[in-house]
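Below, each chain spelled out in residue letters.
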Amino acid sequence: MKKLGSKKLTLQLRQPLQSIPAELAGSHLALSDDGMQIVYTFDTQRERTGIATLLNKLSEHGITIKDLQTSETSLEDIFVSLVSASR
């Protein structure tokens, strides 16, 4: 499960963003349609997840966070992904 799954950090923002800052583009970030959440997908197997760097860069851009939560890929999601890939 550790090898095939991923973990997501969802950051709820105080103010909506129109887009992710160019400096952070390509950093496994996704902005919600309403601009109120940034989702960061990361690999827990890496020595450094990049979370601290991400939070520092967001702060440098004046982006403030209201709340955050983490979630992982479920065993069911991994199984469905493996079955779909084998077809």
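Further up the page is the structure itself.
Anyway, here's the lowdown on the structure attached to this text. This one's a predicted model, so the numbers in the text were calculated from it and none came from an experiment.

### A word on the overall build of the chain
Then comes step 1: Each helix and strand in the chain was counted, giving two helices and four strands.
Then comes step 2: Here the chain holds 87 residues, and the buried ones make up 20% of them.
Then comes step 3: Within the chain, contacts between residues separated by at least 24 positions form 66% of all contacts whose residues are at least 6 apart in sequence.
Then comes step 4: Entry remark: accessible area of the chain is about 6400 Å², with carbon and sulfur atoms responsible for 48%.

### Digging into the nonpolar core
Then comes step 1: Ranked by size, the top nonpolar core spans 13 residues in total, and within it Leu24, Leu29, Ile38, Tyr40, Leu54 and Leu58 carry the most contacts.
Then comes step 2: Counting residues per element, the ones that place at least two in this core are β1 (7-13), β3 (37-42) and α1 (51-60).
Then comes step 3: Excluding residues that lie within four positions of it along the chain, Leu24 makes contacts with Leu29, Leu54, Lys57 and Leu58.

### Topic: the packing of aromatic side chains
Then comes step 1: A complete count under the given rule lists one aromatic pair for this structure.
Then comes step 2: Ring geometry for Tyr40 versus Phe42: centroids 5.6 Å apart, planes at 20°, classification stacked.

### Details of the environment of Thr70
Then comes step 1: With respect to the element layout, Thr70 can be found in strand β4 (residues 65-72).
Then comes step 2: We classify Thr70 as partly exposed; its relative accessible area is 47%.
Then comes step 3: In this structure the C-alpha to C-alpha distance between Thr70 and Lys8, which are 62 residues apart in sequence, comes to 5.5 Å.
Then comes step 4: Those residues in contact with Thr70 that sit more than four places away from it in its chain are Lys7, Lys8 and Leu9.

Cut-offs applied
Going along each chain's sequence as written, the residues are numbered from 1 onward. Two thresholds apply to this predicted model, a pLDDT of at least 70 for residue-level local features and 80 or more for giving and counting side-chain atom pairs, whereas whole-chain, interface and lining totals are computed over all residues. The side-chain numbers reported here are obtained from all heavy atoms of the structure, hydrogens and water having been left aside. Only DSSP runs of H or I covering at least 4 residues are called helices, and only runs of E covering at least 2 are called strands; the numbering of each starts at the N terminus. Exposure categories follow from relative accessible area, calculated using a 1.4 Å probe and restricted to protein chains: below 20% of the type maximum is buried, above 50% is exposed, and the middle band is partly exposed. The contact rule is simple, with two residues in contact once any of their heavy atoms fall within 4.5 Å. Computed with a 1.4 Å probe, the accessible areas rest on the Shrake-Rupley method; for each residue, only the protein chains presented here act as cover. In this description, a nonpolar core means a group of buried Ala, Val, Leu, Ile, Met, Phe, Trp, Tyr and Cys residues linked to one another through side-chain atoms lying within 4.5 Å. Only Phe, Tyr and Trp rings are paired, with Trp represented by its six-membered ring, and only when their centres lie within 6.5 Å; those with planes under 30 degrees apart are stacked, over 60 edge-to-face, the remainder tilted.

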